[in-house]
Amino acid sequence: MAYLQISPAFHLRNYVRHFWIIKNEVNEVMPKVLGPLADGCHGILFQPAEDGYFFGRHNKKIPELCLHGQTLTETSLILEGSFNTFGVCFKPNALKILFNIDANELTDDCLDLAALKSARDYYLCEKLHYATTSKEKINIMSDYLFHLVNKNENSHDWVTGRAISLLTQPGLMPDLSILQKDLCLSGRSIERKFKEHVGISPHLFLRITRFNFALNQLQTNNYNLLSDIAFDNGYADQAHFIREFKLYTGLSPFQFKKQTKLSVLPLYNESEKSKAI
């Protein structure tokens, strides 16, 4: 099974973290499991219905062109069919900017993107179906997203953008009171804006950001002991780190490393190599 991340064009880098592609390398019969991880971002997933459907919580069928919100807890998408999956990982505040949807409406949920007027008018789903290469799909999606950028160019919120910038600096885990001082706003005002544009509270976003820094350190083997990861990322101790890790993956760090080598593909982590196109 091949998994690839592709960097967006320059004009989309304020909105898109990366595109991603998963394809079967051989004709596999057993159901496949996809493990989206909490990463502080929203995204798009396209899996052509003729190749198979994803099923999520409570055996719910996922639309073939799906716009999803924040993933907060361990979850699995089960595919009965062949992987021919294409997706977009957005920047944390891009959902509100591009689609004018309050991000908290899609937290731990998704909607049928093909049903949105902007996608229908652009014939997005049809164009993706007719695309024969990954590059074509990326170009189609890039053009669609840039159309949304131009259409909604006045929907940026500088407060949320600044808060995200402060909360995602590597090696820096600021106290949330720093946001209030920097932005000259009350904690309640910042939280309201954050939930509208990001989908979760600043505190929860900070926890997810810390988890992703720790996950990257784990996957790149940049540690000697597991306690090194815990202390490097501001956890009280190793037990605290393991509890948080299980919350977002359903596995201990050791189980996660072992299982990702087998059948579960975690999406959207930044330790994967990206490729420009």
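Structural notes, computed from the coordinates. Given the structure is predicted, the values throughout are model-derived calculations rather than measurements. (Residues numbered from 1 in each chain as written. Predicted model: local features only at pLDDT ≥ 70, side-chain atom pairs only at ≥ 80, totals over all residues. Heavy atoms only, no water.)

What follows is about the overall build of the protein. The helix and strand inventory of the protein stands at 11 helices and 11 strands. In the protein, which comprises 277 residues, the share counted as buried stands at 49%. Taking as baseline every contact in the protein between residues at least 6 positions apart, the subset at least 24 positions apart corresponds to 71%. As displayed, the protein offers around 13,600 Å² of accessible surface, 51% of which is attributable to carbon and sulfur atoms. (Helix = DSSP H or I, 4+ residues; strand = E, 2+ residues; numbered from the N terminus. Buried < 20%, exposed > 50% of the residue type's maximum accessible area, 1.4 Å probe, protein only. Contact = heavy atoms within 4.5 Å. Areas by Shrake-Rupley, 256 points an atom, 1.4 Å probe, with all protein chains shown as cover.)

Here the focus is the nonpolar core. Among the nonpolar cores identified, the biggest contains 35 residues, and Phe90, Phe99, Leu124, Met141, Tyr144 and Leu145 are the most heavily contacted of them. Broken down by secondary-structure element, the contributors of at least two residues to this core are β2 (16–23), β4 (43–46), β6 (65–68), β8 (84–90), α1 (94–99), α2 (117–122), α3 (124–130) and α4 (134–151). It is α4 that contributes the most residues to this core, seven residues altogether. Beyond its immediate sequence surroundings of up to four residues, Phe99 is in contact with Ile44, Leu67, Phe90, Leu113, Leu116, Tyr144, Leu145, Leu148 and Asn152. Grouped together as the second largest cluster of nonpolar side chains are 30 residues, Ile200, Phe205, Ile229 and Phe256 included. (Core = buried A, V, L, I, M, F, W, Y, C linked by side-chain atoms within 4.5 Å.)

Counting buried residues in β2 gives six out of eight residues, a clear majority hidden from the surface. In terms of strand pairing, β2 meets β8 through seven bridges, oriented antiparallel. For Lys23, the partnering residue across the bridge sits in β8 and is Asn84. (Pairing = 2+ DSSP bridges.)

Another aspect to go through is the packing of helix α8 (residues 202–219) against helix α10 (residues 238–249). α10 packs onto α8 with a crossing angle of 100° between their chain directions and a minimal axis gap of 11 Å. The pairing of α8 with α10 is recorded here as roughly perpendicular in orientation. On the side of α8, the interface is formed by Leu204, Arg207, Ile208, Arg210, Phe211, Ala214, Leu215 and Leu218, while α10 contributes His240, Phe241, Glu244, Phe245, Leu247, Tyr248 and Thr249. Tallied by class, the residues present in the contact of α8 with α10 amount to 10 nonpolar, two polar and three charged. (Axes fitted to C-alpha atoms, helices over the stretch in contact; angles between N-to-C directions. Parallel < 35°, antiparallel > 145°, perpendicular 65-115°, else oblique. Nonpolar A, V, L, I, M, F, W, Y, C, P; charged D, E, K, R; others polar.)

Moving on, we come to unusual backbone geometry. Only a minority of non-glycine residues have a phi that is not negative, and only a minority of peptide bonds are not trans. A positive phi angle, near 55°, is found at Asn100, a position not held by glycine. Examined against the element boundaries, Asn100 turns out to sit in the loop between α1 and β9 (110–112). Note on Asn100: relative accessible area 54%, which makes it exposed. Even without a glycine there, the phi angle at Asp108 is positive, about 55°. On the secondary structure map, Asp108 appears in the loop between α1 and β9. Residue class for Asp108 comes out partly exposed when judged on its relative accessible area of 30%.

With that settled, the discussion passes to the packing of aromatic side chains. Taken as a whole and judged by the stated rule, the model has nine aromatic pairs. Look at Tyr235 and Phe241: their rings are 5.3 Å apart centre to centre, the planes differ by 50°, and that puts the pair in the tilted class. Classification of Tyr235 by relative accessible area gives buried; the value is 4%. Look at Phe241 and you get buried, because its relative accessible area is 0%. Here a set of aromatic residues connected by ring pairs shows up, and it is made of Phe211, Tyr235, Phe241, Phe245, Tyr248 and Phe256. Over the face of the ring belonging to Tyr122 we find Lys127, whose NZ or CZ atom lies 3.7 Å from the ring centre. We note Arg210 situated over the ring of Tyr235; from NZ or CZ to the ring centre the distance is 4.3 Å. (Phe/Tyr/Trp six-rings, centres within 6.5 Å; stacked < 30°, edge-to-face > 60°. Lys NZ or Arg CZ within 6 Å of the ring centre and 35° of its normal.)

Keep in mind these numbers describe shape, not what the thing actually does.
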